[in-house]
Number of protein chains: 4
Amino acid sequence: MKKLYGIMPPIVTPFVNGELAIDKLEFNINKWNKTELSGYVVMGSNGESVFLTREEKLKLVEAAKKFSSENKLIIAGTGSDSIKETIALTNDAAERGADFALVLTPSFYKSEMKHASYVKYFTMAADAVKIPVIIYNVPKFTGVDIEVETVAELSAHPNIAGIKNSSENSRQNTEFVSNTKKDFAVIVGTASMIFPGITCGAAGGIVALANIAPNECVQIQKLIENGKLNEALELQQKMIPVNKAVTAKYGVAGLKAAMDMLGYFGGEPRAPLSGLADPDKENIKKILAHAGLV
Amino acid sequence: MKKLYGIMPPIVTPFVNGELAIDKLEFNINKWNKTELSGYVVMGSNGESVFLTREEKLKLVEAAKKFSSENKLIIAGTGSDSIKETIALTNDAAERGADFALVLTPSFYKSEMKHASYVKYFTMAADAVKIPVIIYNVPKFTGVDIEVETVAELSAHPNIAGIKNSSENSRQNTEFVSNTKKDFAVIVGTASMIFPGITCGAAGGIVALANIAPNECVQIQKLIENGKLNEALELQQKMIPVNKAVTAKYGVAGLKAAMDMLGYFGGEPRAPLSGLADPDKENIKKILAHAGLV
Amino acid sequence: MKKLYGIMPPIVTPFVNGELAIDKLEFNINKWNKTELSGYVVMGSNGESVFLTREEKLKLVEAAKKFSSENKLIIAGTGSDSIKETIALTNDAAERGADFALVLTPSFYKSEMKHASYVKYFTMAADAVKIPVIIYNVPKFTGVDIEVETVAELSAHPNIAGIKNSSENSRQNTEFVSNTKKDFAVIVGTASMIFPGITCGAAGGIVALANIAPNECVQIQKLIENGKLNEALELQQKMIPVNKAVTAKYGVAGLKAAMDMLGYFGGEPRAPLSGLADPDKENIKKILAHAGLV
Amino acid sequence: MKKLYGIMPPIVTPFVNGELAIDKLEFNINKWNKTELSGYVVMGSNGESVFLTREEKLKLVEAAKKFSSENKLIIAGTGSDSIKETIALTNDAAERGADFALVLTPSFYKSEMKHASYVKYFTMAADAVKIPVIIYNVPKFTGVDIEVETVAELSAHPNIAGIKNSSENSRQNTEFVSNTKKDFAVIVGTASMIFPGITCGAAGGIVALANIAPNECVQIQKLIENGKLNEALELQQKMIPVNKAVTAKYGVAGLKAAMDMLGYFGGEPRAPLSGLADPDKENIKKILAHAGLV
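Residues numbered from 1 in each chain as written. Chains lettered and ligands numbered in written order. Predicted model: local features only at pLDDT ≥ 70, side-chain atom pairs only at ≥ 80, totals over all residues. Heavy atoms only, no water.

1. Details of the overall build of chain A
Within chain A, the regular secondary structure consists of 12 helices and 10 strands. The globule rule puts the C-alpha radius of gyration for 294 residues at 19 Å, and the 18 Å found for chain A is close to it. Principal-axis analysis of the C-alpha atoms places the extent of chain A at approximately 50 × 45 × 40 Å. A total of about 10400 Å² of accessible surface is found on chain A, and carbon and sulfur atoms cover 50% of it. (Helix = DSSP H or I, 4+ residues; strand = E, 2+ residues; numbered from the N terminus. Rg over C-alpha atoms; globule rule 2.2 N^0.38 Å. Areas by Shrake-Rupley, 256 points an atom, 1.4 Å probe, with all protein chains shown as cover.)

2. As for the interface of chain A and chain B
A common way to state how big an interface is: give the accessible area lost once the parts meet. At the junction of the two partners, chain A supplies 36 residues and chain B supplies 35 residues. When the two sides are added together, the surface that chain A and chain B hide from each other amounts to roughly 3000 Å², 63% of it contributed by carbon and sulfur. When the area that chain A buries against chain B is broken down by residue, the three leading residues are Phe108, Tyr109 and Pro272 of chain A, summing to 25%. Inspection of the chain A/chain B interface yields 4 salt bridges. With its nearest N and O atoms 2.7 Å apart, the salt bridge here joins glutamate 56 of chain A to lysine 84 of chain B. Joining chain A to chain B, the criterion identifies 18 residue pairs in polar contact (both at pLDDT 80 or more). With 4 residues, helix α4 (residues 115–128) of chain A is the largest single contributor of residues to the side of chain A that touches chain B. (Contact = heavy atoms within 4.5 Å. Buried area = accessible area lost by both parts, 1.4 Å probe. Salt bridge = Lys/Arg side-chain N within 4 Å of Asp/Glu carboxyl O. Polar contact = N/O pair within 3.5 Å; in protein donor to acceptor, adjacent residues only side chain to side chain.)

3. Let's talk about the interface of chain D and chain C
Listed by partner, the interface residues are 36 residues for chain D and 36 residues for chain C. Taken together, the two surfaces of chain D and chain C that pack against each other cover about 3000 Å², and 64% of this comes from carbon and sulfur. Contact with chain C buries area across many residues of chain D, yet Phe108, Tyr109 and Pro272 of chain D alone supply 25% of it, more than any other trio. Joining chain D to chain C, the criterion identifies 18 residue pairs in polar contact (both at pLDDT 80 or more). The set of elements that each furnish at least two residues to the side of chain D that touches chain C consists of α3 (83–95), α4 (115–128), α5 (139–142) and α11 (251–261) of chain D. Looking at the side of chain D that touches chain C element by element, the count peaks at 4 residues for α4 of chain D. Across the side of chain D that touches chain C, the residue classes break down as 16 nonpolar, 10 polar and 10 charged. (Nonpolar A, V, L, I, M, F, W, Y, C, P; charged D, E, K, R; others polar.)

4. A word on the environment of valine 144 of chain D
Residue and element names in this part refer to chain D. For valine 144, the position within the fold is in the loop between α5 and α6 (148–154). On the basis of relative accessibility, which here comes to 8%, the residue valine 144 falls in the buried class. Taking the C-alpha atoms as reference points, valine 144 and proline 106, 38 residues apart in sequence, are found 8.6 Å from one another. When neighbours within four sequence positions are excluded, valine 144 is seen to be in contact with Thr105, Pro106, Ser107, Lys110, Tyr118, Asn137 and Pro139. (Buried < 20%, exposed > 50% of the residue type's maximum accessible area, 1.4 Å probe, protein only.)

5. As for the sheet that holds strand β1 (residues 6–8) of chain C
Residues and elements named next belong to chain C. Ordered by their spatial adjacency, 8 strands build an open sheet running β1-β10-β9-β8-β7-β6-β5-β4, and the pairing between neighbours is parallel. The strands lining the two open edges of the sheet, one partner per strand, are β1 and β4 (39–42). Along the sheet, successive strands turn relative to each other by an average axial angle of 25°, direction set aside. Strand direction decides the pairing type here: strand β8 (residues 160–165) and strand β9 (residues 185–188), joined by 4 bridges, are parallel. Among the inter-strand pairings, glycine 162 is bridged to a residue of β9, identified as alanine 185. Where helix α4 (residues 115–128) meets the sheet, it contacts β6 (100–104), β7 (133–137) and β8, and its direction lies at approximately 155° from that of β6. (Pairing = 2+ DSSP bridges. Axes fitted to C-alpha atoms, helices over the stretch in contact; angles between N-to-C directions.)

6. Overview of the pairing of strand β4 (residues 39–42) of chain B
Looking down a regular strand, the side chains alternate between one sheet face and the other. Residue and element names in this part refer to chain B. Both faces of β4 are covered, namely the face carrying Gly39 and Val41 and the face carrying Tyr40 and Val42. Bridge count between β4 and strand β5 (residues 73–77): 4 bridges; the pairing is parallel. Within β5, the residue paired with glycine 39 across the bridge is leucine 73. What joins β4 to β5 is helix α2 (residues 54–67), and the crossover it makes is right-handed. (Right-handed = clockwise from strand over helix to strand, strands pointing away.)

7. Some words on the sheet that holds strand β8 (residues 160–165) of chain A
All names here are of chain A. The 8 strands lie next to each other as β1-β10-β9-β8-β7-β6-β5-β4, forming an open sheet whose pairing is parallel. Edge strands, defined here as strands with exactly one partner in the open sheet, are β1 (6–8) and β4 (39–42). Shown here is a sheet whose adjacent strand axes are inclined to one another by a mean of 25°, direction ignored.

8. Quick notes on the confidence of the model for chain A
Residues of chain A with pLDDT of at least 70 account for 100%, and the chain-wide mean is 98. Scored as a whole, the predicted complex attains pTM 0.97, and scored at its interfaces, ipTM 0.97. (pLDDT = per-residue confidence, 0-100.)

9. Structural notes on the pattern of salt bridges
All names here are of chain A. Enumeration over the complete set of coordinates arrives at 52 salt bridges over all chains. With a closest N to O distance of 2.8 Å, arginine 54 and glutamate 85 form a salt bridge. One end of the pair, arginine 54, is in helix α2 (residues 54–67); the other, glutamate 85, is in helix α3 (residues 83–95), and 31 residues separate them in sequence. Arginine 54 sits in the partly exposed class, given a relative accessible area of 28%.

This is the structure in structure tokens:
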């Protein structure tokens, strides 16, 4: 199994006139290839995965694999409430080059998505897929939050490699680390948590901000690993306002607008989301400037 | 456009060894055909729609159309966050005989699923599909709640026929009725709300309980329409404990267990859900007996 | 025990320069005395109870009793998490003329405020106070929601007279009615729920809107009792936009602004709340005009 | 102004037969006086403040001051929704020896408790009280969460000394630190957050666990300050299960049971809370043993 480690952007999916623009994806990946990012997540939350058809998803995996440099991991977001479809999509993605599957916690029947259901779901999926599974916990989108006991139990499965935890709860991250074996990777899910996550034992981050500030995100982790805590915290603090702008405040539309400002292709999100209004773009520009990114 | 009115069960999807059992569906529909149910909802929340593959969904629509008697409506649950896929699936379902599409509010990007996004989503979908759309609002599963202003605006669309509202909020139902045109159908989404919904102007109910107590559900509405309020309320009160058992308390597994007890085919839900333990089945049996259903 | 029935406003507490203005209270009560309101709730949520000192609270009860006409009930909001203080304040209010105590569900330790705690709390309180208790359930302020089973058990206590339920959940109201004895009063807690509440068996309403539209609120209940459902529903629908403006949308400040527009004394709420800005007042004026109240 | 720094327990309030037991308080404080705790919080959430009368609260402050050694801070929880009462109680507590007031965010009118209301509330309170104010943010009990912008603005007030943040959100703590002046103290509110909090710049912790494991809590902070990150994290991880048992899982009753096991006086919580059942006590004993505390 490849090593799950470091900073990886959940890459945005480029659209032109609402349709996939693979050439723009190539353009972005070429730029990211020159950084120390560990890999790319295709069909993550910031990739507008829920707006894509099955065919589009597989096309994206194929393209990402093709354009990315040798040493980068390819992680494909393949989870849905249906175990059958999750397995099928994961294996199709594996055939097209995905190294890992990022599998969202099922969440439709919220009140029944507890320990037993999650153990059953992830065990059945992990048993049947050809690439290792990363559990994806993102309460703000799913409305559910996986328990420490559940992750502890699932971490013993040989084909479950880690968890991406997008909550900002450091107690939870610390527990995920201390209740799982040493090579189970706890991955933070938002750039504001790189410093608190890595200091508590996380192995890396799958973070939207890495689309536009890959070097800074990588640098926070490196500084910590080199014992330069104060510098790491300072850089982390500098990145928080940018991260909030391209996630909580303006969402995918904000992230895409920032990409356009920073030399990447961003474009507009797919309907029903909308592109940003000009005053919001101005605001983002100011925040990027204040953080020294433009 | 056919008239959207009356009581319709979101029919359970029968599985044998985890696989679709079309013969069991036929068995159930044959029984329901003898009642005054107005139609059948295929791939609703109680149909475990989120666990089905695309192929299974279309197979179900086809089968439901084939087995149902002439005068019953066929409504297919076809919504997902992806507009593209929602349109494609709806039109495929229409070709197989669906009369209406029940389209869930998109909900992944919760904080952005507000008025503008919903107007855009439902307008684009309704413009492009061949059968009328019913908006499906179910906050307990989606974590979002559509606003009255949004429903008011969407109700003007010629291809949006109504809303299924699964919340138990009577203020909201009353507003949906008073802010939409006369032939826009407000449909309650749980059997405990038939009485309060119909008295406030709702046109019917798509309710899990109608899988096992179709006559009682139909009767509540009829009694109200005939001015027999007290009798209607009494029957409503009698049904609430049963309804709670097969929805909030035991979910789909409870509903399926009750079906088995009442002469239908229920079976077990698909993984990661589990069938009920025996003590829970005993409890359901008591509740059914207390309500006079067995 | 006096009969708990009909429409009662949770009366606003008048302040001049942030201090209690008893003369303004007299002015308002004199106007309400001429209506068919059943009584007055002092220190309810709309009375800004949480901003008052203990001394101010008792002064208010005394004044309300003094100014109200003979036949009106006086209900005092006396509940807090502390059983000791709830009992003491209730008995002090009783001495000053309160007929009933409206006792909020304790809510600080949310995860522990379940069946056993509520049975213990309300039993201990009801045992020790000299006037009957009305349970006050208001999830939007407390973040807790009392269960049907709990209300059923508490309704057997001879000194617990009813429940004010401020949620808009009609299933819940129906269950409160059908699981308690005939003379246990279920009282709706917002004017949008008068129609659905009374038709489901509620005995009345303690509703903010009755501060400014007492006759309309009383009329909805009367029409239902006289079998004029359609007229009642029509009046209910007309009142919903007004009710939303003076509760959910603009809160106490909006209610007080509307009072000033309709010949009552409203004034400003106490800090940290603020009075409304002029455009918001204009909006309220339009809503009142549209409903025929000005 | 005294320096706000280090670990302080929100001390439990001892009751015998439901009444304050000042001698038991003396017993506990005598033990804590021998540790390196920085001070004591009287009438915090773990002190069952909401169950106490005003007189009891002041008696407690007086006693805590009397029994505590010279160098320990005395912090009194004095906040309520009423500004008037908050000011009065704070000043009464100050007269009895409190060094700081811990003032809960008002929370009853949740939807209106935003930036402007909080700035108004805390400014008015801080202007009028004789001892410095610590803002107390505890979303799990209040249902509200103060914004970074609000804390940033309030931190400029000369009489607002810091914030106790009981959420487990490290992004938020990092922002509280980086958006306030250097001597504004960010204090974590639960022992599971000592490591992530202190590494992100927090000045200390007001944590339930310090009632029973004062040395361990103090030690985590010291190890970090001495650059021994790995040892600190290891100790933090060891304390998390204990902390969960005496907070999230068993609440105040669990904390009091653990105190009895560890040589302090715990006793039972006040009604409507209940003491623990024996099997729960056994479970706590095992958790304490596993962590090496017994």
